[in-house]
Amino acid sequence: MGLTEQDILRKLSTIPIPGGNRDLVAAGAVRQLEVDGERVRLLLAVEAARPGIADSLRGEVERQLRALPGVADVEVTLQTLLATVQGPSPAHAPPQPRGWAHLIPGVERVVAVASGKGGVGKSTVAANLALALARRGRRVGLLDADIYGPSQQLMMGAEEGPTGDASGKIHPVDAPGGVKVMSFGYIVDADQPVIWRGPMLQKALEQFVGDVLWGELDYLVVDLPPGTGDVALTLCQNVPLAGALIVTTAQDVALIDARKSLHMFRKLDVPVLGIVENMSHYTCPECGHVEHVFGSGGGRRTADALGVPFLGEIPIDPAVAAGGDTGQPVVLERPQSPVGRAFTALADSILERAERG
Ligand SMILES: Nc1ncnc2c1ncn2[C@@H]1O[C@H](COP(=O)(O)OP(=O)(O)O)[C@@H](O)[C@H]1O
Ligand SMILES: [Mg+2]
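What you are looking at is a predicted structure, and each value in this text was computed from that prediction instead of being measured.

1. Section: the packing of helix 5 (residues 198–210) against helix 6 (residues 230–238)
Next up, step 1: One can describe the packing of helix 5 onto helix 6 by two numbers: an axis separation of 10 Å at closest approach and a directional angle of 55°. Considering the angle they form, helix 5 stands oblique to helix 6. By crossing handedness, the relation of helix 5 to helix 6 is classed as right-handed. Contacts from Leu201, Gln202 and Leu205 of helix 5 reach helix 6 at Asp230, Val231, Thr234 and Leu235.
Next up, step 2: Its residues assigned to classes, the contact of helix 5 with helix 6 shows 4 nonpolar, 2 polar and 1 charged.

Take a look at the structure:
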């Protein structure tokens, strides 16, 4: 198997930050990571009292990554943030608030919806989860941060697009069902590949979080791109997440990828709310026969093996796919259907986990 971002993160988590007692990953120094075949590109941001310290760190990181099997080329960009505190940092500093928290002061909880693999229904789950939370009386926003394939503007029936105001702030779209929606789909051209990288991507994301007038929200649900790339890393490092929900199907390949997502969240200290298995089974409307299309019980087994909650199975229902295409999410149109109830049960588990204690 080829080199993965996970391999790199694992290595980086063994390298201490200069003058600190945490590793690069735990300290949130990894801002961008790109693995392209045997090429690794990395953006690190570290605090250092003197620029020279950071330079020797770059050499060390490049040396250690080059020593990994399968790595041919390493490019490390290092941003040095000159330390503002004088003297050594306290040995047991409290966890720092994440960088963009002040941008969303009215947002109580941010829940990220992630998947290792594309096409498993991450966006479908994010949309219906947001609507089910709203049906439970919560104030909900939905941010589609999947820059490579934004779909919430379509799924949520919110194609009109947001409006700006004189101060440059953006009003999210009020979608049917009472959810406020913002999507990269409003600003990227569907026919053009997205080529934002590194600092540009970081800036774009920061604006997406901070320039949107979310107002008071109980939940901001974030639809992440699949995988463990730049967007997921940047958001996890900068937005205080109440937790991540991992969507998978029962297929082995999707489960392997789900495991990778889980490890990424653990590394970044983001609580994992649980795993949900989407498209788990199909019930024949004629004869009632239940077919486990992608195999049976995979999501639960993975969750058990990894020690995270299993949050249930969402059945396959053609109405979900049709409603997704026409902006009529099933939780809104047919909340009492089996699949509508499954999404509601998922929302209830999230509420239970996010709001207890
Ligand atoms: N439970 C389901 N039943 C039927 N179709 C589904 C279900 N979940 C997702 N789909 C369909 O599968 C496709 C991929 O789902 P999507 O949410 O776009 O995946 P992702 O965001 O993970 O790429 C879409 O056409 C969607 O309508
Ligand atoms: Mg999607």
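2. Brief notes about the sheet that holds strand 15 (residues 310–314)
Strand pairing in a sheet relies on backbone hydrogen bonds. The paired strands run either parallel or antiparallel.
Next up, step 1: Strand order in the open sheet made by the 8 strands is 8-9-5-10-4-11-12-15, with mixed pairing throughout. Looking at strand neighbours, the two that pair on one side only are strand 8 (173–175) and strand 15, the edges of this open sheet. Across the sheet, the axes of successive neighbouring strands diverge by a mean angle of 25°, strand direction being ignored.
Next up, step 2: Of the strand pairs in this sheet, strand 12 (residues 272–278) and strand 15 are connected by 3 bridges, and their pairing is parallel.

3. Some remarks on the site of ligand 1
Next up, step 1: Lining the immediate environment of ligand 1, one finds 18 residues, of which Gly121, Lys122, Ser123, Thr124 and Gly324 sit closest.
Next up, step 2: Looking at the shell around ligand 1, the elements that each hand over two or more residues are helix 3 (122–135) and helix 9 (318–326).
Next up, step 3: Grouping the amino acids of the shell around ligand 1 by side-chain chemistry returns 7 nonpolar, 9 polar and 2 charged.

4. What about the environment of glycine 164?
Next up, step 1: Tracing the backbone through its elements, the reader meets glycine 164 in strand 6 (residues 163–164).
Next up, step 2: Note on glycine 164: 11 C-beta atoms within 10 Å, which makes it exposed.
Next up, step 3: It is 36 Å that separates the C-alpha atoms of glycine 164 and valine 35, two residues lying 129 residues apart in sequence.
Next up, step 4: Setting aside residues up to four positions removed in sequence, glycine 164 forms contacts with Lys169 and Ile170.

5. Focus: helix 3
Next up, step 1: Taking 1.5 Å of rise per residue, 14 residues should cover 20 Å, and helix 3 covers 20 Å from first to last C-alpha, within 8% of that figure.
Next up, step 2: Within helix 3, 13 of the 14 residues are buried, leaving the element largely enclosed by the surrounding structure.
Next up, step 3: Following helix 3 by one or two positions, glycine 137 adopts a phi angle in the positive range, close to 90°.

6. Some remarks on the packing of helix 3 against helix 11 (residues 338–355)
Next up, step 1: One can describe the packing of helix 3 onto helix 11 by two numbers: an axis separation of 8 Å at closest approach and a directional angle of 70°. With respect to their mutual orientation, helix 3 and helix 11 come out roughly perpendicular. Seen from helix 3, the contacting residues are Asn128, Leu129, Ala132 and Leu133; seen from helix 11, they are Phe343, Thr344, Leu346, Ala347 and Ile350.
Next up, step 2: Tallied by class, the residues present in the contact of helix 3 with helix 11 amount to 7 nonpolar, 2 polar and no charged.

About the thresholds
Residues numbered from 1 in each chain as written. Chains lettered and ligands numbered in written order. Predicted model: local features only at pLDDT ≥ 70, side-chain atom pairs only at ≥ 80, totals over all residues. Axes fitted to C-alpha atoms, helices over the stretch in contact; angles between N-to-C directions. Helix = DSSP H or I, 4+ residues; strand = E, 2+ residues; numbered from the N terminus. Parallel < 35°, antiparallel > 145°, perpendicular 65-115°, else oblique. Left-handed = near helix turned anticlockwise from the far one by under 90°. Contact = placed C-beta atoms within 7 Å. Nonpolar A, V, L, I, M, F, W, Y, C, P; charged D, E, K, R; others polar. Pairing = 2+ DSSP bridges. Near = placed C-beta within 6 Å. Buried ≥ 20, exposed ≤ 12 C-beta atoms within 10 Å, placed from the backbone. Expected span 1.5 Å × (residues − 1).

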